[in-house]
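Take a look at the letters that make up each chain.
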Amino acid sequence: MAKLIINLNGVTVHDIPLDQPRVTLGRAAGNDIRLDDATVSSKHAVFQVVGDAVFVEDLGSTNGTVLSGQKVQRHRLHHGDVLRIGQHDVKFVDESEQDMQATVIISSSQREALHAAKNLVGSLKILNGPKSGELIELNKPYNTVGKPGLQVAVVAKRVQGFFLVPMAMGSGQGAPKLNEQAIGASSVALKDGDILEVAGVRLKFLQKS
């Protein structure tokens with residue numbers, strides 16, 4: 001899956017899979033990716049998924065969308081491309097291309113850690129609404145919950161465990177909540193029994209030891 005890794009001052013603030021045909025980025029509420037950065041325009045850029053290709057298009061922003069020191073209007077992204085948008089670095093990662101390019105030698109301890117991550121078992125139990133009581137199995141590296149265009153979050157499965165990753169906020173929705181507290185721009189480690197609320201749905205995180 002293709003994704004965007006957004007860094008601010010060297011710190012990752014968003015890790016966003018491109019699992020929708022169109023993903024908007026800007027400073028204003030209503031964008032799929034909202035950056036609290038005065039140098040980012042209200043509607044700055046859009047990422048479009050067309051088959052196996054991903055394009056970025058600048059939406060007439062004030063400071064532009066910059067790649068390798070040059071402003072781009074519309075550009076097909078390639079694995080490893082890093083865009084400069086305001087004060088943020090936006091790295092495009094094509095995980096299929098990454099897997100093909102990389103041959104990694106790992107130690108026995110790293111191998112054990114990867115095996116442990118593969119064997120992690122987690123799920124989300126729906127607590128309200130017509131699907132109350134149903135379980136959502138978290139068996140993929142990135143598991144999307146919520147309603148696209150309204151409010152979406154991603155539960156990422158990593159070596160260290162499961163993490164809640166804020167992804168998209170529709171107009172007026174605010175941030176998803178974890179244990180009644182709105183989450184910020186950074187990923188949050190999940191613990192067994194945590195309560196997530198996204199797009200009006202309450203979910204309980206369950207992890208088998």
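Right above here is the structure, for reference.
Conventions used here
Residues numbered from 1 in each chain as written. Predicted model: local features only at pLDDT ≥ 70, side-chain atom pairs only at ≥ 80, totals over all residues. Heavy atoms only, no water. Helix = DSSP H or I, 4+ residues; strand = E, 2+ residues; numbered from the N terminus. Areas by Shrake-Rupley, 256 points an atom, 1.4 Å probe, with all protein chains shown as cover. Salt bridge = Lys/Arg side-chain N within 4 Å of Asp/Glu carboxyl O. Buried < 20%, exposed > 50% of the residue type's maximum accessible area, 1.4 Å probe, protein only. Pairing = 2+ DSSP bridges.

Novice: I tried to follow the overall build of the chain on my own but got confused; where do I start?
Specialist: In terms of regular secondary structure, the chain is built from two helices and 21 strands. A total of about 11300 Å² of accessible surface is found on the chain, and carbon and sulfur atoms cover 50% of it.

Novice: Hey, could you run me through the pattern of salt bridges in this one?
Specialist: Where charged atoms from two side chains of opposite charge approach closely, those side chains can pair. A complete count under the given rule lists six salt bridges for this structure. For Asp 15, the salt bridge identified is with Lys 3, shortest N-O distance 3.7 Å. Residue Asp 15 is located in strand S2 (residues 11-17), and its partner Lys 3 is located in strand S1 (residues 2-8); the two are separated by twelve residues in the primary sequence. Overall, the relative accessible area of 10% leaves Asp 15 in the buried class. For Glu 57, the salt bridge goes to Arg 74, with nearest N and O atoms at 3.5 Å. Within this pair, whereas Glu 57 is found in strand S6 (residues 53-58), its partner Arg 74 is found in strand S9 (residues 74-76), the two being separated by 17 residues in sequence. Taken together, the salt bridges that share partners define one network made up of Glu 180, Glu 197 and Arg 202.

Novice: Before we go on, may I ask you to explain the sheet that holds strand S3 (residues 22-26) in this structure?
Specialist: As a general point, the strands of a sheet are linked pairwise by backbone hydrogen bonds and lie either parallel or antiparallel. Pairing is mixed across the open sheet formed by five strands, whose spatial order is S4-S3-S5-S6-S9. Of all strands in the sheet, those with a lone pairing partner are strand S4 (33-34) and S9, marking the two edges. Two elements, S3 and S4, share two bridges in a ladder whose sense is parallel. In the sheet register, Gly 26 faces S4, and the bridge partner there is Arg 34.

Novice: Help me out: how do you make sense of the sheet that holds strand S21 (residues 201-208) in this one?
Specialist: Pairing is antiparallel in the open sheet, where six strands are placed in the order S13-S12-S21-S20-S17-S18. At either end of the open sheet lies a strand with only one pairing partner, and these are strand S13 (135-137) and strand S18 (181-182). Of the pairings in the sheet, the one linking strand S12 (residues 121-126) to S21 comprises six bridges and is antiparallel in character. Residue pairing for S21: Val 121 is matched across the bridge by Lys 208.

Novice: Please clarify how the pairing of S6 should be interpreted in this entry.
Specialist: Residues in a regular strand project their side chains so that they alternate between the two faces of the sheet. Within S6, five of the six residues are buried, which leaves the element mostly enclosed by the surrounding structure. Where strand S5 (residues 45-50) folds back on S6, the antiparallel hairpin that results is connected by two residues, among which Gly 51 adopts a positive phi of roughly 65 degrees. The sheet contact formed by S6 and S9 spans three bridges and is antiparallel. For Glu 57, the partnering residue across the bridge sits in S9 and is Arg 74.

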